Every structure is written in C-alpha cells, then in structure tokens.
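Fold and contact review
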Amino acid sequence: MGDPVKSDAKTNGFHKATNGHYQQQQEELKIAIIGQSNFAAEVLELLLERDHLIVGVFTIADKAAREDVLATVARQHGIPVFKFSAWRRKGVPIPEVLEQYRSVGANLNVLPFCSQFIPMEVIDGAAYGSICYHPSILPLHRGASAISWTLIEGDERAGFSIFWADDGLDTGPILLQKQCPVYGDDTLDTLYKRFLYPEGVTAMAEAVDMIAAGTAPKIPQTEIGASYDPALFREENQYLNLNQPAVRIFNFIRGLDSVPGALAVVRMEDGEEVPVRLYGASLSARRSMVNGKPIQFKGSTGSAFVTREGIFITGTDGSLVRVRRIKRGNRVIPAGEWFEQMGTTKATPLVLTEKEQEQDTLLRSIWKSILKVEIGPETDFFACGAGSMDVVRLVEEVKDTLEVPIDNETLFMAPMYGEFLQEVIQRMRSGSNGDRGTNIPLDYKHVVLKANRRQIVVPTQLFINGRFVDAEGAKTIPIVNPTNEKVICDVANASKADVDDAVQAADEAFRGVWTSVSARERGQLMYRLAELMEQHREELATIESIDSGAVYTLALKTHVGMSIDAWRYYAGWADKIEGSTIPVSPARPNRVLTFTKKEPIGVCALITPWNYPLMMLSWKMAACIAAGNTVVIKPAQVCPLTALKFAELTVRAGFPPGVINVVTGTGSLAGQALADHPAVRKLGFTGSTPIGKRIMASCAESNIKKCSMELGGKSPLVIFADCDLEKAVRLGMSSVFFNKGENCIAAGRLFVEDRIHDEFVRKVIRGIKTMKIGDPLDRATAHGPQNHRVHLEKLQEYCAIGVKEGAKLLYGGKRVPKMEGLFFEPTVFTDVEDHMYIAREESFGPIMVISKFHASDFDALVARANSTEYGLASGVFTQDIAKALRFAERVEAGTVFVNTYNKTDVAAPFGGFKQSGFGKDLGKEALNEYLKTKCVTVEY
C-alpha cells in the first residue's frame, strides 16, 4: 500500500488525446496487470466481472515456494502468469523479460500495486499507456509512504489518485481522484481498510471503463503544493521527534500504526537506552500527572509519565499525548505496565543444539504455513494479521509436531517468533509432557480412539450413581464417524428402567450427600472439574471432531473452550446466590421480618442437541450444578462420546455419586422417559421446535415440571449499504457457515440492501472458494462434515425445494463430489422471496439464503425480519448507530448482534422468543432457571 511506480526512461509513448480525453477506441482493450498483493488480485477479479480482456498477469517471483495471491487468482481464471524477480539488470531492461511481456500483445498496462522498477519500454509499450494507483491526492505526498504522511502532516482529507505513468516519480497526468475525511481516531491501518483499499479497487475498474469508453482524462499535475516525502520503510525515518506540539507527536505515532510503529528510545535510570515502538496514541484532555511516574525519552526536552492508563508524553505546547501500547524488544505490552515489565529478568538467548535447530526449522515452517510470510526472529504473529483461530491452529500444530505442552497464553506472552522459539525450547528441555489421562484406571467398557497422535480412552456405558454400567439387556446403538461413515463404537442404549435408576440416584444424592456439600465447596468442585477439562481439552476436542464432525480448531476454541469457561463462570456464582429482605406492613403492634431464599429445584433433566455436544451440556449443567441441583443428562443419540468422557472427569474431580448422571440412547425412549418422570422437577431442552412442543406437553401432563426451551431459529441478518462491507462479508459468512451451519443462532436469512447486494454476493462466493473442506482433524480445515446422514439428506431436500420454488442457486447445494463422508458444499441462494419455503424454514446447515431490500422503507424491512414464528437471534450491520438501535428495539429476537455475529459469552444471557422457546442459558439469568424462590415471613 505504499511503493510508487518507478520507471527509468525519458520518453512518453501515450496514445494521442484530444481536449485532455482519449479518442474513442477502435480496438478492444487487451490488459496486462502488473503488480502484486490482494489489492491487485481484487482489481483483476473486478475487471473480469466487467468483461474486460486480461491477456497477462506479471507479478513478483515466488518467495520460499509461495506465490503471490495475484498469480494464484490469475491462474484460477486461466490467465497467463509471468513471474519476474526483476525487470532490469544493472539499469538495463532484461531482453527475455521484455520479450515475454510483448508476447501477450497488451495495449493497456494496469498497475494496481507494484513494488518493482518497471522499464519505460514496458510503460510506453502499450498503445493506450499505463495507469497506476497511488494512495494520496497527488501532487501531495509523492513517494512510498503516502498514507503515513497524510496522517503525519495532519491532512484533513485523504484519498488516492489513478494517474498515467510517465518517467517521473508519481508525476504523470491524473485520470481520476477520490477523497475522504480523515477522522480523529484514524490510523494508517484504519484509513487503508476503510477507504483507500475498497474504494481504490473499485476506482481502478472505473478508470479502465473510462479508457474503454474513450472518456479518460489526462490532467497534468501541478507542481504547486507538491511534496516528496521520505520513505518510512527506512528505520532512520521512523524516529519520533518528541520536541514538537502534542498534535504533531500524535499524528506521527498514528501515521506508523500498526506497521512499523513510531520509534523512540527510553533512557533508564542506570543510563541504559532501550529502543521502543509506540502504538495506540490519542490526544489527552489531561493537564497534570499527579500520580504519574516519570519516564525519560532520549532527546526529549519535555516530561513524560507512566500511569495505569498508559504513557503520557508532553508536547512543546504543554498538551499531552497518551500512548496505550509500547513494544519493548519482541513484545507489545500495555504502556501502563512499563516499569513492571522492565523489572522482569531479561532472558539470555539459548544456544540451540543440533536437534533443537531442526526443531527450530519445523517450528518456523508452522509459523510460515499460517502467516504466509518469511519468518524471522522479529516476526510478530499478531502484527501479521493472525486471528483467534490462527492462535488455536498454531498451538495445536506445535503441540502435535514437537510434543510440547503449550497453550494460547504461551503465544500471547511471546508473540515474536524468536521469543516464542525460546519459550518452546525451554519447555522441551524441562521434559514436561503434560497429562494426557493415561493414568486413569480402565475399570469400564470403553473404546480407544487413535487420533491426533493420541490414544484416547472413552467410556461406552451409562453413567449412573458414580459408576459406568450396561443398559438393561446390554442393548447398544452404533456411533458413526461422519468424516468416513464408519462405526466408531457401540454405546449403551438406555431403557425406561435405566432412566428411572438414574433419576432415583440423582434424587437420593439431592436429598442426601449433596446437601452436606456447602455452596463454596460446590464451587471448588466445579473449579476442579474445569481444570481437569483444561488438562484434557485436546482429548475432548478430538472426540468432538471424530464424533460430531466439528473442525478440530473450532472444537478446541469453542466447543471445549467455552465449556471450560462456563464451568469456571458458574463456579464463581455457587456461593453468591442469595435472597433478599422485604419491607412489609405488619398489623401493629406486631413486628414482621420477611425475606426470600433462592433454593435448588431438585432433580433436573437435561436433553441436549448434536451440534455442540459438550458445550450445550456445559451451558446448562454448570448453572444447574452451581444452583445446587442434581442432574440426569441425555446427550444426543448420534454423538454422546464427549458426555461420557466428561462423566469420567467428574469422578476425578470428586463429585459425589448420583450428583451427575449420563444416560445415552434415543430421544423417543430415554428422552421421553425423562420428560415423563414424576421425580424430575425441571427439564432443560435444546432442539427442534416440534420436539420441544411434545416435551412441554409431557412436562405438563406428568407433574407440571418447570421447563426451559431453546428451540429452532430463523435468525434475520440485515446488512445495510453503509456498513463496513469487508467485515459484513466475513461475519456474514461466519453467521451461516460457522460450525458447518449447525448452529442454533445461524443467520437463517440475510437481507442485503440492493445497492451492495451483487458485490456482497461476489465476495461471499470468492470467500467460499478459499474454504478448505475436509478432515476436521486437519488444522487447516475450515469446513467439516455434517453431523449425520439423515441431516445431510434433509439439506439436499431443502435445496431442492429452494430451486423448485424459483430461488437462484449460485453455489453449492449438493454433497461434495468425490469425497468420502457426509460433506455438504457451502451453499448460496439469492432472489429468495418471502413466501418461499427456504425463506421461512430453518435449514440448520451451511446454506446462505439472501433477499434484497430497499432502504427507503425501514418499517417494511423490520416487518419482513419479524415475519417468522422464530425469534432466537438477529443481526444488523450499519454505521448508523441510530438505525442499529431502532432495529434492535423492534426486532423480535432474544439476541441482537450489531456489527458482529456469533459473539456469545458465558456471562451474557442467551435464549429466544416466540417459537424459539423461553428461558435463558448463560449469564446470571440462567441461574433462575434452576432455582425456586421461597418467601419466609416471621412475626415477633
């Protein structure tokens, strides 16, 4: 996003123009794309969409066997690709390079982003010339660091220029320019992502359209106000001048945020000089630093202070700049922790043995496969754009490849490769291999799963009263691996009598041993269980992947990670459940004390679904146990293995027998028996609405047991044209395809404003094409198999109905061809009308259903979003907060996401309206689902 176009000849070979415009072209444009990066790749795709002829793509040579994305995209479209490490040698064009360029017969060169020196023989070699993109309003900020200098100089407006290349440095005639305001919180990153990148891609295509139409101007650049700024990729130009007004200090820091970061040097009390980089600057309204601790910057004549809020630097005008983050050595830390961090002992670099050098090579290759960049000691995992799922993938691959026990925190504390390598080697030298559960006695029937370089022992019997036992008559049901449709094992199939045994055990524990466990002790048991789940999280995630088809990295982060979070969260609530005192009006002269008590209900039954086996168990059971109840859970028939492994861990955690019981089997038998049982006083259910209705009827007819229902959904997601489109596309895809679409709050219907509809769809389909579908245990896989065959067949039927009713199937709609297992292609439907089946009914799969809307009628849009019997979740993407809050106020859904999606947390209540059910999981509110309120009045 910065290098200018460089050329080395002295002639201008542009096609003649009249009145500053091209004459009407008689010959079809034959375009050569010269450049690199995602920006260039998007320009290429947009030109192809507009039916322009691309005759060749010229890009940089592969780096460490990894080609530039422009080359990859071009090859996907069958366009000739040429890769050059250089176009010149010793200042002279390389003949064979020129020959290859001329071989495609281009008559227009398009340079969206190019870091190489392009000879004038090429620039002028096209009959219609060469156009280039530059991220400033020329003639301002010519040079390689234009965006940074726009911010550093405090410009009120930013923008970009598309100009005709000549033999100068960004001096050619202007074809078009676009501008945007610079906001007070803009940084180099935000300005590029908000405007310069997305609008620049569109403008490049617009410029080519103008050339094709013969309307492209050639407006000479003026030299009035022209500026040539130093290149900020040179370290000597990155140093911050601290002896200037605060606003100038602020602008310089944000102009280099987040790459490479403004350089400064801290002078320690002992005279040591420590280079640092500064990030997250803002102008502060403070005028004094009463509680600040002084810090000295080399060369600064003003004062600076460290507080808990950050580092405050005084400008020459007396105003303050706050710095939130500071990079010391290889680590970015909160600036407010400067002195604490400086007090830590600096590690001496390790000298690696020959074997450790081999391990360094392996570790480096893992980083490279994720970040797609060359890895050096200073490579920052997060500065390279890595996200949370990349963290999970890195940690798991390192543990598998090097067999070293690390976790996410290891990376957060050492995000630089060199420091991370040191930490991994230290752990390997310590000989710690972690607990993989191999010391657990195998006193039950089990299956051994051999996967992820582990041998995982999983029980296959019912868990009743602290013991694993066979079902009545030793009946079993097969459990199938959706990745290959092979039977994993047979598990016990509970009868009505087995369910009765489990309920009796729970009832006895509730009235006996469980009453002797105090609320605080209950919380300690839950914390201990959470720790065991943490120790066995890789095993649990592996089981979840094999049993349910969940992608392993997602299972680790969400299925298991959020389960652990739930147990820890509710462990903290166990001894904080309390009633209240109530002022009443007694009959005088008597006095009265009235108070309430929150008490556990008793035996609770939980029936959980197959999409998040362990997480749904944990969401419900953690609150249930924290409230002091005992429980019988029936996990999903098709994937009960994590529930059985969980039962094993409850024994190790020290839970008394009968407090937690697990019965596996069918819903029609075991599930129905729980709903009908008179000793069960509460039933929590997650599943389909039709089954929920039957369970509610059974709860009423049996003993009017309390119930909570998290049922089906058809969650609307509304995307307005004023949204952050890139974010809306990314999270819109996640809203549908997350967990293979087997997600209760999945966006069942997307309403996309007509102005951005086509671009949104194009970006979604391009994103789908990059998703890796395959073995869920492969760390690179993004989309695994559907949970079971019956469900996959329903998805096929669902798509067939959509096509039959006239919806437009743009992508997918079928099983993945030539692939073993229950894999279904991510699917996109457009032109979906409100009356259609797929507009009304939930698919519970990776099927995106898109409808257009016009923004002129907000009321009609909300009515369409609400025209469903479901009300589980919803979402809206818009930059207009008033519009977002109006939508949130009027949409009939239990959860509303604004400019995000799937952002659940164990502390936030979760549950739906209408036929999506009632009651809440998660948060403090969920405790009320498992408590009863008793009112006590004492007269004295």
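Conventions we followed
Residues numbered from 1 in each chain as written. Predicted model: local features only at pLDDT ≥ 70, side-chain atom pairs only at ≥ 80, totals over all residues. Heavy atoms only, no water. UniProt positions renumbered as here; feature names shortened; annotations may be inferred. Pairing = 2+ DSSP bridges. Helix = DSSP H or I, 4+ residues; strand = E, 2+ residues; numbered from the N terminus. Axes fitted to C-alpha atoms, helices over the stretch in contact; angles between N-to-C directions. Patch = residues over 30% accessible without salt bridge, like charges linked within 9 Å, V, L, I, M, F, W, Y side chains within 5 Å. Areas by Shrake-Rupley, 256 points an atom, 1.4 Å probe, with all protein chains shown as cover. Salt bridge = Lys/Arg side-chain N within 4 Å of Asp/Glu carboxyl O. Buried < 20%, exposed > 50% of the residue type's maximum accessible area, 1.4 Å probe, protein only. Phe/Tyr/Trp six-rings, centres within 6.5 Å; stacked < 30°, edge-to-face > 60°. Lys NZ or Arg CZ within 6 Å of the ring centre and 35° of its normal. Core = buried A, V, L, I, M, F, W, Y, C linked by side-chain atoms within 4.5 Å. Domains from an automatic or database assignment. Contact = heavy atoms within 4.5 Å. Parallel < 35°, antiparallel > 145°, perpendicular 65-115°, else oblique. Left-handed = near helix turned anticlockwise from the far one by under 90°. Buried area = accessible area lost by both parts, 1.4 Å probe.

- In the nomenclature of an unreviewed UniProt entry, the protein corresponds to formyltetrahydrofolate dehydrogenase from the organism Anopheles gambiae.
- Under the UniProt heading Catalytic activity (unreviewed entry), the note attached to the protein is "(6R)-10-formyltetrahydrofolate + NADP(+) + H2O = (6S)-5,6,7,8-tetrahydrofolate + CO2 + NADPH + H(+)".

1. Looking at the sheet that holds strand β37 (residues 847–853)
- Taking strand neighbours across the sheet as the criterion, the 7 strands line up as β35-β36-β37-β34-β33-β39-β40 in an open arrangement whose pairing is mixed. The outermost strands of the open sheet, each flanked by one partner alone, are β35 (808–811) and β40 (895–898). If you compare each strand with its neighbour and ignore which way they point, the axes differ by 20° on average.
- The pairing of strand β33 (residues 715–719) with strand β39 (residues 873–877) spans 3 bridges and is classified as parallel. If you follow Ile719 over to β39, its bridge partner there is Phe877.

2. With respect to a nonpolar patch on the surface
- Side chains of Leu593, Val938 and Tyr940 sit close together on the surface and give an oily, nonpolar patch of about 290 Å² of accessible area.
- Here Val938 falls in the partly exposed class, since its relative accessible area comes to 36%.

3. Considering the packing of aromatic side chains
- In total, this model carries 25 aromatic pairs according to the counting rule given.
- Ring geometry for Phe463 versus Phe468: centroids 4.9 Å apart, planes at 50°, classification tilted. The burial state of Phe463 is the same as that of Phe468; both residues are buried.
- Connected via pairs of aromatic rings, a cluster forms that spans Phe39, Tyr133, Phe160, Tyr192, Phe195 and Tyr197.
- Its end group placed over the ring of Phe339, Lys293 keeps NZ or CZ at 4.3 Å from the ring centre.
- The residue whose ring lies beneath Lys883 is Phe720, and the NZ or CZ to ring-centre distance is 4.2 Å.

4. Here's the deal with the sheet that holds strand β26 (residues 581–582)
- Spatially, the 3 strands line up as an open sheet ordered β26-β27-β43, and their pairing is antiparallel. The sheet is open, and its two borders are formed by β26 and β43 (931–939), each paired with just one other strand.
- Alignment of strand β27 (residues 592–600) against β43, held across 9 bridges, turns out to be antiparallel. Along β43, the bridge assignment pairs Thr596 with Cys935.

5. Some thoughts on the UniProt feature "binding site: (6R)-10-formyltetrahydrofolate" (unreviewed entry) in the protein
- This chain's UniProt record puts "binding site: (6R)-10-formyltetrahydrofolate" (unreviewed entry) on Gln116, Phe117, Ile118 and Asp170. Annotated residues spanning 55 residues; largest pairwise C-alpha distance 13.9 Å, indicating a single compact cluster.
- As for its placement among the helices and strands, Gln116 is situated in the loop between β8 (108–111) and α4 (120–123).
- Classification of Gln116 by relative accessible area gives buried; the value is 10%.

6. Topic: the pattern of salt bridges
- Scanning the entire structure with this criterion turns up 48 salt bridges.
- Close ionic contact of Arg537 with Glu534 constitutes a salt bridge, the shortest N to O distance being 2.6 Å.
- Since its relative accessible area comes to 18%, Arg537 is described here as buried.
- The exposure class assigned to Glu534 is partly exposed, which follows from its relative accessible area of 23%.
- With a closest N to O distance of 3.8 Å, Arg762 and Glu759 form a salt bridge. Residue Arg762 and its partner Glu759 are located together in helix α22 (residues 757–769), separated by 3 residues, close to a single helical turn.
- Through salt bridges with shared partners, a single network forms among Glu42, Glu45, Glu726, Lys763 and Arg766.

7. Focus: the nonpolar core
- The biggest cluster of nonpolar side chains holds 110 residues, and the ones touching the most others in it are Trp567, Met621, Ile625, Phe655, Ile719, Leu750 and Phe760.
- For this core, the element with the most residues is helix α17 (residues 613–626), which contributes 11 residues.
- Here this core spans two domains, and each of domain 4 (459–576 + 592–710) and domain 5 (716–911) adds at least three residues to it.
- Residue contacts for Met621: discarding those within four places in its chain leaves Trp567, Leu606, Val631, Ile633, Phe646 and Ile660.
- Membership of the second largest hydrophobic core comes to 47 residues, among which are Ala41, Val43, Val73 and Leu151.

8. Thoughts on the packing of helix α25 (residues 858–866) against helix α26 (residues 881–890)
- For the pair α25 and α26, interaxial distance at closest approach is 10 Å and the crossing angle is 40°. One element, α25, and the other, α26, form an angle in the oblique class. Here α25 and α26 pass one another in a crossing that is right-handed. Two secondary-structure elements touch here, α25 through Phe858, Asp859, Val862, Ala865 and Asn866 and α26 through Lys883, Arg886, Phe887 and Arg890.

9. Concerning the domain arrangement of the protein
- Under the domain assignment used here, the protein contains domain 1 (30–213), domain 2 (238–337), domain 3 (358–430), domain 4 (459–576 + 592–710) and domain 5 (716–911).
- Here domain 3 and domain 4 have C-alpha centroids that lie 36 Å from each other.
- Contacts between the two partners involve 6 residues from domain 3, matched on the other side by 6 residues from domain 4.
- Counting each side, the surface lost to burial between domain 3 and domain 4 is near 550 Å², with a carbon and sulfur contribution of 71%.
- Glu538 serves as the salt-bridge partner of Lys399, at 1.9 Å between the closest nitrogen and oxygen.

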